[in-house]
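Listed below, chain by chain, are the residues.
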Amino acid sequence: MGNYAISISREFGSGGRLIGKRLATALGIPCYDRTIIQKTSEKSGLSPDFIARAEERARSRFHLSIAPVGIGTPALAHQGVPVSHQAFFAQADVIRELADEGPCVIVGRCSDYILGERPECLKVFIHAGLDSRVERCVEEYHIPAEDMARRVVQMDRGRSNYYNYYTGHTWGDMRRYDLTLNSAVTGIEGAVELIVTLVKARSALEVQ
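Residues numbered from 1 in each chain as written. Predicted model: local features only at pLDDT ≥ 70, side-chain atom pairs only at ≥ 80, totals over all residues. Heavy atoms only, no water.

1. A short note on the overall build of the protein chain
Each helix and strand in the protein chain was counted, giving eight helices and five strands. Its helices and strands taken in sequence order, the protein chain reads β-α-β-α-α-α-β-α-β-α-α-β-α from the N to the C terminus. For the protein chain, the proportion of its 208 residues judged to be buried stands at 46%. Sequence-distant contacts in the protein chain: of pairs separated by 6 or more residues, those separated by 24 or more amount to 72%. For the protein chain, the accessible area works out to roughly 10500 Å², and carbon and sulfur atoms hold 53% of it. (Helix = DSSP H or I, 4+ residues; strand = E, 2+ residues; numbered from the N terminus. Buried < 20%, exposed > 50% of the residue type's maximum accessible area, 1.4 Å probe, protein only. Contact = heavy atoms within 4.5 Å. Areas by Shrake-Rupley, 256 points an atom, 1.4 Å probe, with all protein chains shown as cover.)

2. Some remarks on the packing of aromatic side chains
According to the stated counting rule, one finds eight aromatic pairs in the structure shown. Ring plane angle 75° and centroid distance 6.4 Å describe the contact between Phe88 and Phe89, whose orientation is recorded as edge-to-face. For Phe88, a relative accessible area of 3% corresponds to the buried category. Residue Phe89 is classed as buried on the basis of its relative accessible area of 5%. Aromatic pair Phe88 and Tyr166: ring centres 3.9 Å apart, planes at 0°, arrangement stacked. Pair noted here: Phe88 is in helix α4 (residues 83-101) and Tyr166 is in helix α7 (residues 145-167), with a separation of 78 residues, a long-range link. Classification of Tyr166 by relative accessible area gives buried; the value is 3%. An aromatic cluster of at least three residues, connected via ring pairs, comprises Phe88, Phe89, Tyr162, Tyr165 and Tyr166. (Phe/Tyr/Trp six-rings, centres within 6.5 Å; stacked < 30°, edge-to-face > 60°.)

3. So, α7
Helix length check: α7 (23 residues) gives 32 Å between terminal C-alpha atoms against 33 Å at 1.5 Å per residue, within 8%. In the segment just after α7, Gly168 is the residue with positive phi, at about 80°. (Expected span 1.5 Å × (residues − 1).)

4. Brief notes about the environment of Gly116
Within the secondary structure layout, Gly116 lies in the loop between α5 (111-114) and β4 (121-127). The exposure class of Gly116 is partly exposed, given its relative accessible area of 25%. In the structure, Gly116 is positioned 60 residues away from Arg176 in sequence and 8.6 Å away in space, judged by C-alpha atoms.

5. Digging into the pattern of salt bridges
Applying the stated criterion across every chain yields a total of 13 salt bridges. In this structure, Asp93 and Arg96 form a salt bridge, with 2.9 Å as the shortest nitrogen-oxygen distance. Residue Asp93 and its partner Arg96 are both found in helix α4; the two are separated by three residues, about one turn of the helix. Overall, the relative accessible area of 17% leaves Asp93 in the buried class. By relative accessible area, which is 23% here, Arg96 ends up partly exposed. Here the residues in one salt-bridge network are Glu11, Arg133 and Asp156, joined through shared partners. (Salt bridge = Lys/Arg side-chain N within 4 Å of Asp/Glu carboxyl O.)

6. Section: the sheet that holds strand β3 (residues 104-107)
Spatial strand order, β2-β3-β1-β4-β5: five strands in an open sheet with parallel pairing. At either margin of the open sheet sits one strand with a lone partner, and together these are β2 (31-32) and β5 (179-182). Note: strand β1 (residues 5-10) against β3, four bridges, orientation parallel. Of the residues in β3, the one forming a bridge with Ile6 is Val105. Seen against the sheet, helix α1 (residues 16-27) touches β1, β2, β3 and β4 and runs at an angle of roughly 160° to β1. (Pairing = 2+ DSSP bridges. Axes fitted to C-alpha atoms, helices over the stretch in contact; angles between N-to-C directions.)

7. Section: the nonpolar core
One finds Ile36, Phe88, Ile106, Ile114 and Leu115 to be the most contacted residues of the largest nonpolar core, which totals 24 residues. Elements represented by at least two residues in this core include exactly α4, β3, β4 and α7. Among the elements that take part in this core, α4 stands out by supplying seven residues, more than any other. Residue contacts for Ile106: discarding those within four places in its chain leaves Ile6, Ser7, Ile8, Tyr32, Ile36, Ile95, Ser111 and Leu115. Membership of the second largest hydrophobic core comes to 20 residues, among which are Tyr4, Ile19, Ile195 and Val196. (Core = buried A, V, L, I, M, F, W, Y, C linked by side-chain atoms within 4.5 Å.)

Laid out in structure tokens, this is it:
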């Protein structure tokens, strides 16, 4: 597929980050997730803590009543933009640069939208039923199931707010992805195998 990128979007507790990392290992390419915050900090001069706080604010309900800001133009073209938005624009630039450097997996951070116009970007959404996700999270975080269920719903709402606010699109809308997977059905390894198969199939089509 040449210089391709795979964007992994995921519901909280679906195993999407783990799928992204194992997928990258299987393909022999890098995986970028939270490390993007550090790279954004280095590029923008904003502190990692500030970038994380800006993300948290964008996930809050406060933004539900505000029109999406959009990211159609390069970060440098935004004059007078609030510094919290600058953090997002800088992160978008970092994601584009990482995709330009070579094949990679990028987990979350609206990467499906940021790279969405590139035909070589494969956009994947990982989901699962609430019970399955709560069970996974209880095992990972050792939090009682009742509290964890509320946390899963809260995290999903935050991801949805963040995505909808910055992109103007609906998080999880299946029409925006090339592949949607239920990790409760496929399992982690099964999801990785399916995505690898699709990557190879697309590569074979390009050769023909």
